[in-house]
Amino acid sequence: MSTPRACLVTGYLRLDLPNRSHAEYHVLGARLMAAADGHELIACGDVSWAPVTSSTGPSFIRTTVDACWHWALSDGALLPAGNPEKDTRAFHAVQHEKTAWVAAAADRTDADILVWLDYGILHVPGVTEALVAEFLARAARRAPRDRVGMASIWEGPPPVTPVPHRVAWHCAGGVFTVPRHLALPWHQEVVDAAVRMRNRGWATWEVNDWADAWRERPDLVQAWRCDHDATLLEAWT
């Protein structure tokens, strides 16, 4: 019987937004990928950075902002006005690309579980390289094989579609796990949610569309409760 395996998927497209510099992202991402040493790694992004080589050798999926599926969908849409310097159309497009990157990665690995971790997740208070390594090992053994594993700050799924102008923290956003055979179906559920939102004239945060996808398919998600801290990676303990 083969040993269960997890593949880390992460990604970064340079936007030079005011909340964090490109140099800071580069340091955080390098630390993340070094922490994943010993696990398969698939990195996604543009030519502004190069993935750190691990013992398993990373695969790199190259793309650009205007190639992101949500970029075209959000053309002409209303955007949330909470932080217009950060929450730009490009930002929303890149955030929505997470599920697409994981679906693309599923075609490049035979790992049992794909684990999405944000490229900058090590900025979160309490999240360390050791915790990342422990989470990847635990996901390989214990992540659900029939559902998406989702970090959830608010108990979900939401009873109704989230409003577009306020972040719905039913899904934390920085991490999820998915068995390889569900990566594409989960992505399609998110696309469908984003299309429903766009039909109302809006583009919103990816976590709102994830929450609406979960609302539509409550059978597809198994959540663990967390906050904006190390509990993001404390599933299945």
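Keep in mind it's a predicted model, so treat the numbers as computed, not measured.

Undergrad: Describe the overall build of the protein chain, and please don't skip the residues or the numbers.
TA: A count of helical and extended segments in the protein chain gives six helices and seven strands. Written out in order from the N terminus, the α and β elements of the protein chain read β-α-β-β-α-α-β-α-β-β-α-α-β. Taking 2.2 N^0.38 as the reference for a compact globule, 237 residues should give roughly 18 Å; the C-alpha atoms of the protein chain span a radius of gyration of 16 Å, in line with that estimate. Across its three principal axes, the protein chain shows a C-alpha extent of roughly 50 × 40 × 35 Å.

Undergrad: Please give an account of the packing of aromatic side chains that cites residues and values.
TA: For the structure shown, the criterion picks out seven aromatic pairs. Each ring, one from Tyr12 and one from Tyr25, has its centre 5.0 Å from the other, and the planes form 40°; the classification is tilted. Remark: Tyr25 occurs in helix 1 (residues 22-35) and Tyr12 occurs in strand 1 (residues 6-12); sequence separation between them is 13 residues. Take Tyr12 and Tyr25: they sit in the same class, and that class is buried. Cluster of aromatic residues (ring-pair linked, three or more members): Tyr12, Tyr25 and Tyr119. One Lys or Arg, Arg20, reaches over the ring of Tyr25 and ends 5.6 Å from the middle of that ring. Against the face of Trp71 rests Arg89, its NZ or CZ located 3.6 Å from the ring centre.

The rules behind the values
- Residues numbered from 1 in each chain as written.
- Predicted model: local features only at pLDDT ≥ 70, side-chain atom pairs only at ≥ 80, totals over all residues.
- Heavy atoms only, no water.
- Helix = DSSP H or I, 4+ residues; strand = E, 2+ residues; numbered from the N terminus.
- Rg over C-alpha atoms; globule rule 2.2 N^0.38 Å.
- Phe/Tyr/Trp six-rings, centres within 6.5 Å; stacked < 30°, edge-to-face > 60°.
- Buried < 20%, exposed > 50% of the residue type's maximum accessible area, 1.4 Å probe, protein only.
- Lys NZ or Arg CZ within 6 Å of the ring centre and 35° of its normal.

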